[in-house]
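The chain contents come next:
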Amino acid sequence: MAVLYVALLVTAGWAGAGLRRPAVPAKVPVATIVAVVVVAVVSVLQLTVASGLFEALRRDRAAIGDGQVWRLVSSFVVQDSGWTGTVFNLVALAVLGTIAERRWGTARWLLLAGAVQVLGGLWGLVVLPVGAGSSLVGFGLAASLAAAALVLGASVQVRALGTVSLAAAVVLLVLGDVHGGAATLGAIAGVTLAVQQRRSMGSVHV
């Protein structure tokens, strides 16, 4: 799985960076910065002096079934894979979040991230009933960039990178991986947003 994760995220990042002239050039990725800081602070507390945060905030099918639906959101700020997974998730969120926010703009970034976190969490209740982490949002944002590469990509290289990333997403989905669901949602959102951008730009190449 680790190879697929890296392949999906890295190729999506390269593809997103290869898309020039963002339609919504956000110079300061405010949403990304805030998200990374919040996740970093809560995750460090969880991993050091407040281990109870994980159980209190994680995605838990039984607890959500009892009415604690807020866990679909709160699971974003705690981690289920230790220090290594935390660092990996934070780096992915920072890099891909910045590229995605500069492509889509802050408002659309927030809508996309929120939808992926909640709907991806619902998929998680099926394939991984207990879990947590910011990785769902990271994979969703990554797949949105990969999808945009196919819709807006001006070069063969950019389209190829997007294709590799989305192929990895499909494999993860078929294997029943929680990140496959998040990536699929992100890809659908990315196609929608990219088509809107292409229409608004008319004959201007991105």
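Up top is the structure these notes are about.
Throughout what follows, the structure given in this document is the object of discussion. (Residues numbered from 1 in each chain as written. Predicted model: local features only at pLDDT ≥ 70, side-chain atom pairs only at ≥ 80, totals over all residues. Heavy atoms only, no water.)

**Examining helix 2 (residues 30–48)**
Each α-helix turn comprises 3.6 residues. Residues three or four places apart therefore point the same way. A rise of 1.5 Å per residue sets the reference length of helix 2, with its 19 residues, at 27 Å; its end C-alpha atoms lie 27 Å apart and thus fit the reference within 8%. All of the buried residues along helix 2 are Ala31, Thr32, Ala35, Val36, Val39, Val42, Ser43 and Gln46. When helix 2 is viewed along its axis, its buried side chains cluster within an angular range of 155 degrees and face the same direction. Along its buried surface, helix 2 packs onto helix 3 (52–57), helix 6 (82–104) and helix 7 (106–127). (Helix = DSSP H or I, 4+ residues; strand = E, 2+ residues; numbered from the N terminus. Expected span 1.5 Å × (residues − 1). Buried < 20%, exposed > 50% of the residue type's maximum accessible area, 1.4 Å probe, protein only. Arc of directions from axis to C-beta. Contact = heavy atoms within 4.5 Å.)

**Re the packing of helix 6 against helix 8 (residues 135–152)**
Orientation of helix 6 relative to helix 8, taken along the N-to-C sense of each, is 40 degrees, at an axis distance of 9 Å. Relative to helix 8, helix 6 is oriented oblique. Handedness of the crossing formed by helix 6 with helix 8: left-handed. Contacts between helix 6 and helix 8 involve Asn89, Leu93, Leu96, Gly97, Ile99, Ala100, Arg103 and Trp104 from the first element and Ser135, Val137, Gly138, Leu141, Ala142, Ser144, Leu145, Ala148 and Leu152 from the second. The residue inventory of the contact of helix 6 with helix 8, partitioned by class, reads 11 nonpolar, 5 polar and 1 charged. (Axes fitted to C-alpha atoms, helices over the stretch in contact; angles between N-to-C directions. Parallel < 35°, antiparallel > 145°, perpendicular 65-115°, else oblique. Left-handed = near helix turned anticlockwise from the far one by under 90°. Nonpolar A, V, L, I, M, F, W, Y, C, P; charged D, E, K, R; others polar.)

**Here we look at a nonpolar patch on the surface**
On the surface, Val28, Val30, Ile33, Val34, Val37, Val38, Val41, Leu45 and Val49 cluster together into a nonpolar patch covering about 770 Å² of accessible area. Take Val28: it is sitting in the loop between helix 1 (2–18) and helix 2. The exposure class of Val28 is exposed, given its relative accessible area of 52%. (Patch = residues over 30% accessible without salt bridge, like charges linked within 9 Å, V, L, I, M, F, W, Y side chains within 5 Å. Areas by Shrake-Rupley, 256 points an atom, 1.4 Å probe, with all protein chains shown as cover. Salt bridge = Lys/Arg side-chain N within 4 Å of Asp/Glu carboxyl O.)

**Some words on the layout of surface pockets**
Considered as a void within the structure, the largest pocket measures approximately 250 Å³ in volume. Taken together, 17 residues form the lining of the largest pocket, with Asp80, Ser81, Asn89, Ser135 and His179 sitting closest to its centre. Residue assignment for the lining of the largest pocket shows that the elements contributing at least two residues are helix 6, helix 8 and helix 10 (178–201). Of the residues belonging to the lining of the largest pocket, the class tally is 7 nonpolar, 8 polar and 2 charged. (1 Å grid on protein atoms, 1.4 Å probe; cavity = no way out; pocket = protein on both sides within 12 Å on 5 of 7 lines; lining within 4 Å. Points joined across faces, edges and corners; volume = space filled by probe spheres on them.)

By themselves, these figures tell us nothing about what the structure is for.
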